[in-house]
There are 2 protein chains.
Amino acid sequence: MKEHAVTIYDISKQAGVSIATVSRVLNGSDNVSEATRQKVLKAMEESGYTPNAFARGLGLNTMKTIGIMAADSSDPYLAKGIYFLEQLLRGEGYDCLLCCTGYSLKNRIASMELLITKKVDGIILVGSNFVYEDDADNKYILDAAAQVPVMLLNAALDAPNVYSITSDDYTSMYNAANMLISEGITDILYFFNSRSYSGRRKEAGFRDAMKAAGLSTGDGTLQFYRGNREDVPAMADLLEHVWDQGHHFEAVLASDDTLAISALKFAVRKGIKVPEELSVIGYNNSMLTACVTPELSSIDNRQETLCQHLTATLMGVLGGNEMPKQTVFAGELIRRGTTR
Amino acid sequence: MKEHAVTIYDISKQAGVSIATVSRVLNGSDNVSEATRQKVLKAMEESGYTPNAFARGLGLNTMKTIGIMAADSSDPYLAKGIYFLEQLLRGEGYDCLLCCTGYSLKNRIASMELLITKKVDGIILVGSNFVYEDDADNKYILDAAAQVPVMLLNAALDAPNVYSITSDDYTSMYNAANMLISEGITDILYFFNSRSYSGRRKEAGFRDAMKAAGLSTGDGTLQFYRGNREDVPAMADLLEHVWDQGHHFEAVLASDDTLAISALKFAVRKGIKVPEELSVIGYNNSMLTACVTPELSSIDNRQETLCQHLTATLMGVLGGNEMPKQTVFAGELIRRGTTR
């Protein structure tokens, strides 16, 4: 059985007053007699509708809604971010409209426009893949920021009304590579799947650490291109293919834990001992690190802390305060069984 | 810089007409002169606001929004469900309001009330943990269903305006236990973490299969009680503890993949060979199955199919059609390296 949604017309008709009068009552205006006010409130009560949502619909208050965009809310890392943000925003009295955009720019532009249409109070982009290498592709972010604050989790973009909360991916990766080098490991494969903002920062950290140590990164990077970012066996296949082509390595430094997990799978297939013959380091310090034996060493980019600061910054901006445009936290390598 | 949200008052003032007239224009009423209509449209254009969202706020149309509740959107299995649903609903022109409720009934009641206040067109409960053993605890679902259709993914509840889409967990678990028994394995540990609707169905399937084979389930079930459902090492600790107490087993039949992964971890610790000395079967057929070596055998409960049917059923209900109250799909054991 479908219910008829109660409208301003229903209340107006039932109370026998004009729509403007109903609006005045909703708005708490003094310019309504007490008798009329009571008639309207009675009609509202009898029709069983909720003044708050209604008042918001009239634009009397803000929508108290934040739009959250993520490429794929089922990606374990992004899912965690969405979870933290939803909890934190709810604590501040805000609801979350979730948009899963996939990875195409076209869909992202459409989702962004949709959220603006919904009169959200702010937009959070979860994941660094929303900031493109080519500045022209980032116009959709600037367009949105012209209307509401745009918060970037794990990405940075210098533009008005855009706020970035990032982990220092460059330094984290630089330090991880450096640690491997200090152990005498020079054949390091940097294994990645994305040239997003954070992806480029990570890769630069790896390259600079190698360069600083006088090491070549000639064929030391490998990108997993396949569509499905969860396809661990396909990632292991790629590593095996490269290895069989004669490109051997003593360590895999991966841009996320899924890729690192695939390196462990590859090692088992080939009978390569971890960490004695192969060190593996992941990124994100996700629950995957505990799923494998030995447990995965991984860089913790402090996602929960980032989400807390993002929410605090957004609340500050919405409250009309001057807030920092960019906040950067240091990451930390959590050493477990896949490093010596 | 905060923007002032455009209201019906702004349009009315700017166009020099009454609020009722603005409403009539929004509503497409004939009872407005063309000159007045043009004045209102001009004011709308100049103030740069979006008629559709506004009209919805007035209750002229539906909100075209579905509330999605999940205990924890970062749980890999629930995250996948949310992802599928969000995509499918967007395809139907609906937005998703996400509420992460945690596992307490109190929070769930509050979230449910909030979604109703938001005038969502329907509510989807993702995960079987929303249906409680005690009927009195399910009142919050019935209350919501008195206002909007409530869809249950992976749970069932026989009540007006409640629609259930489930996988046949009972039969899937019965068949999996039966397969192990047919291989001569009689010491099966059923390892679970929840007595949710689907949890109880799974356990019953295990117990009935054992009973049908004339086997005892005396101490054959083990519940992981700890708060963090991702704490794989703690799960492995529990298995080790039980084993060290002298309760040995030849198979672990787990109610989800995370628990099954912990059984593999436990086996490595103890030097128990999988699958020769220990068979392990998980549930959900998640990406975790591919993260371990050997890869995990797991029951596929066809979540994407469930989400498709849930969305189709909801759209049917919202369209005023008679739709099935309960839809049940068969699951399937995907055999990989952890079973013989």
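Reading the values: rules and limits
Residues numbered from 1 in each chain as written. Chains lettered and ligands numbered in written order. Predicted model: local features only at pLDDT ≥ 70, side-chain atom pairs only at ≥ 80, totals over all residues. Heavy atoms only, no water. Helix = DSSP H or I, 4+ residues; strand = E, 2+ residues; numbered from the N terminus. Contact = heavy atoms within 4.5 Å. Areas by Shrake-Rupley, 256 points an atom, 1.4 Å probe, with all protein chains shown as cover. Lys, Arg positive; Asp, Glu negative; His and termini not counted. Charge placed at Lys NZ, Arg CZ, Asp CG, Glu CD. Pairing = 2+ DSSP bridges. Axes fitted to C-alpha atoms, helices over the stretch in contact; angles between N-to-C directions. Expected span 1.5 Å × (residues − 1). Buried < 20%, exposed > 50% of the residue type's maximum accessible area, 1.4 Å probe, protein only. Right-handed = clockwise from strand over helix to strand, strands pointing away. Left-handed = near helix turned anticlockwise from the far one by under 90°. Nonpolar A, V, L, I, M, F, W, Y, C, P; charged D, E, K, R; others polar. 1 Å grid on protein atoms, 1.4 Å probe; cavity = no way out; pocket = protein on both sides within 12 Å on 5 of 7 lines; lining within 4 Å. Points joined across faces, edges and corners; volume = space filled by probe spheres on them. Core = buried A, V, L, I, M, F, W, Y, C linked by side-chain atoms within 4.5 Å. Phe/Tyr/Trp six-rings, centres within 6.5 Å; stacked < 30°, edge-to-face > 60°. Lys NZ or Arg CZ within 6 Å of the ring centre and 35° of its normal. pLDDT = per-residue confidence, 0-100. Salt bridge = Lys/Arg side-chain N within 4 Å of Asp/Glu carboxyl O.

On to the overall build of chain A. Scanning chain A from terminus to terminus reveals twelve helices and twelve strands. Principal axes of the C-alpha set define a box for chain A whose edges measure 85 × 45 × 30 Å. The contacts in chain A between residues at least 6 apart in sequence include a share of 71% that link residues at least 24 apart. As presented, chain A carries roughly 13,600 Å² of accessible surface, and 48% of it is formed by carbon and sulfur atoms. Mean positive and mean negative side-chain charge positions of chain A (32 and 41 charges, respectively) differ by 5 Å.

Let's shift gears to the sheet that holds strand β11 (residues 326-329) of chain A. Spatial strand order, β11(A)-β5(A)-β4(A)-β3(A)-β1(A)-β2(A)-β2(B)-β1(B)-β3(B)-β4(B)-β5(B)-β11(B): twelve strands in an open sheet with mixed pairing. Edge positions in the sheet fall to β11 of chain A together with β11 (326-329) of chain B, since each of these pairs with one other strand and no more. Neighbour-to-neighbour, the strand axes of this sheet turn through a mean angle of 20°, independent of strand direction. As paired elements, strand β5 (residues 162-167) of chain A and β11(A) share four bridges and run parallel to each other.

Here we come to helix α11 (residues 257-270) of chain A. Residues spaced three or four apart along an α-helix face the same direction, because each turn holds 3.6 residues. Residue and element names in this part refer to chain A. Over its 14 residues, α11 extends 20 Å from the first C-alpha to the last, a length consistent with the 20 Å expected when each residue adds 1.5 Å. Of all 14 residues in α11, eleven are buried, a share of seventy percent or more. Those residues of α11 lying buried are D257, T258, L259, A260, I261, S262, A263, L264, K265, F266 and A267.

Here we come to the pairing of strand β9 (residues 279-283) of chain A. Residue and element names in this part refer to chain A. Of all the five residues making up β9, five are buried; the element is thus mostly covered by neighbouring parts of the structure. The two faces of β9 match: S279, I281 and Y283 on one face and V280 and G282 on the other face are all buried. The pairing of strand β8 (residues 251-254) with β9 spans three bridges and is classified as parallel. Looking at β9, one finds that L253 is bridged to I281. Regarding topology, α11 serves as the crossover connection from β8 to the parallel β9, and that connection is right-handed.

On to the packing of helix α8 (residues 169-182) of chain B against helix α9 (residues 197-212) of chain B. All names here are of chain B. Look at α8 against α9: their axes get within 7 Å of each other, and the N-to-C directions meet at 35°. At the point where α8 passes α9, the crossing takes the right-handed sense. Between α8, through D169, Y170, M173, Y174, A177, N178 and I181, and α9, the contact on the second element is made entirely by S198, R201, K202, A204, G205, F206, D208, A209, M210 and A212. For the contact of α8 with α9, the residue count by class is ten nonpolar, three polar and four charged.

The final tally for this structure, using the stated rule, is one cavity of 30 Å³ or more. What lines the largest cavity is simply S73(A), A79(A), I82(A), L98(A), S73(B), A79(B), I82(B) and L98(B). For the lining of the largest cavity, the elements supplying multiple residues, two or more each, are α5 (76-91) of chain A together with α5 (76-91) of chain B. Classifying every residue of the lining of the largest cavity gives six nonpolar, two polar and no charged.

Here we come to the pairing of β8(A). Residues and elements named next belong to chain A. Taking every second residue as pointing to the same face, both faces of β8 are buried, with A251 and L253 on one and V252 and A254 on the other. Bridge count for strand β6 (residues 188-192) against β8 is four bridges, and the pairing is parallel. Directly across from Y190, in β8, lies its bridge partner L253.

The subject of this paragraph is the nonpolar core. In globular proteins that are soluble, nonpolar side chains generally tend to be buried together. Membership of the largest hydrophobic core comes to 62 residues, with the highest contact counts inside it found for F249(A), L278(A), F249(B) and L278(B). When residues of this core are traced back to their parent elements, those giving at least two are β6, α10 (232-244), β8 and α11 of chain A together with β6 (188-192), α10 (232-244), β8 (251-254) and α11 (257-270) of chain B. Not counting the four nearest positions on each side in its chain, F249(B) is found in contact with D187(B), L189(B), L239(B), V242(B), W243(B), F266(B), E277(B) and L278(B). Counting 58 residues, the second-largest nonpolar core is a separate cluster that includes I165(A), L314(A), Y83(B) and F329(B).

Before going further, it helps to examine the side chain of T327(A). Residues and elements named next belong to chain A. Looking at the secondary structure, you find T327 in strand β11. Under the relative-accessibility criterion, T327 is labelled buried at 15%. Setting aside residues no more than four positions away along its own chain, T327 makes contact with S164, I165 and T166.

The full count for this structure, using the stated rule, is 16 aromatic pairs over all chains. Between Y83(B) and F84(B) the ring centres are 6.1 Å apart and the planes differ by 50°, which places this aromatic pair in the tilted class. On the accessibility criterion, Y83(B) (17% relative accessible area) is buried. Taken together, the ring pairs connect Y190(A), F192(A) and F206(A) into an aromatic cluster. The ring of F130(A) has R108(A) sitting right over it, with the charged end atom 4.0 Å from the ring centre. Here K202(A) stacks its cationic end above the ring of Y283(A), 4.0 Å away from the centre of that ring.

Residue and element names in this part refer to chain A. Confidence in the prediction of chain A, expressed as mean pLDDT, is 89, and 91% of residues score 70 or more. Predicted confidence for residues 52-60 stays below pLDDT 50, and this span has 26 contacts to residues more than four positions away or in other chains. If you check the scores for this complex, the pTM reads 0.77 and the ipTM reads 0.74.

This paragraph deals with the pattern of salt bridges. Summed over the entire model, instances satisfying the criterion amount to 28 salt bridges over all chains. We note a salt bridge from K80(A) to E230(B), for which the minimum N-O separation is 3.3 Å. Residue K80(A) is found in helix α5, and its partner E230(B) is found in the loop between β7 (221-223) and α10; the two belong to separate chains. The salt bridge involving K265(A) is made with E295(B); its shortest N-O contact spans 2.8 Å. Remark: E295(B) occurs in the loop between β9 (279-283) and β10 (297-300) and K265(A) occurs in helix α11; the pair is interchain, linking two chains. With a relative accessible area of 24%, E295(B) lands in the partly exposed category. When salt bridges that share partners are traced, they join D237(A), E240(A), D244(A), R269(A) and K270(A) into one network.

Once that is clear, we can look at unusual backbone geometry. All names here are of chain A. Cis peptide bonds are those with omega within 30 degrees of zero, and the linkage from V274 to P275 qualifies with 5°. Mapping P275 onto the fold places it in the loop between α11 and β9. Phi is positive for N284, close to 110°, though the residue is something other than glycine. Within the element layout of this structure, N284 appears in the loop between β9 and β10 (297-300).

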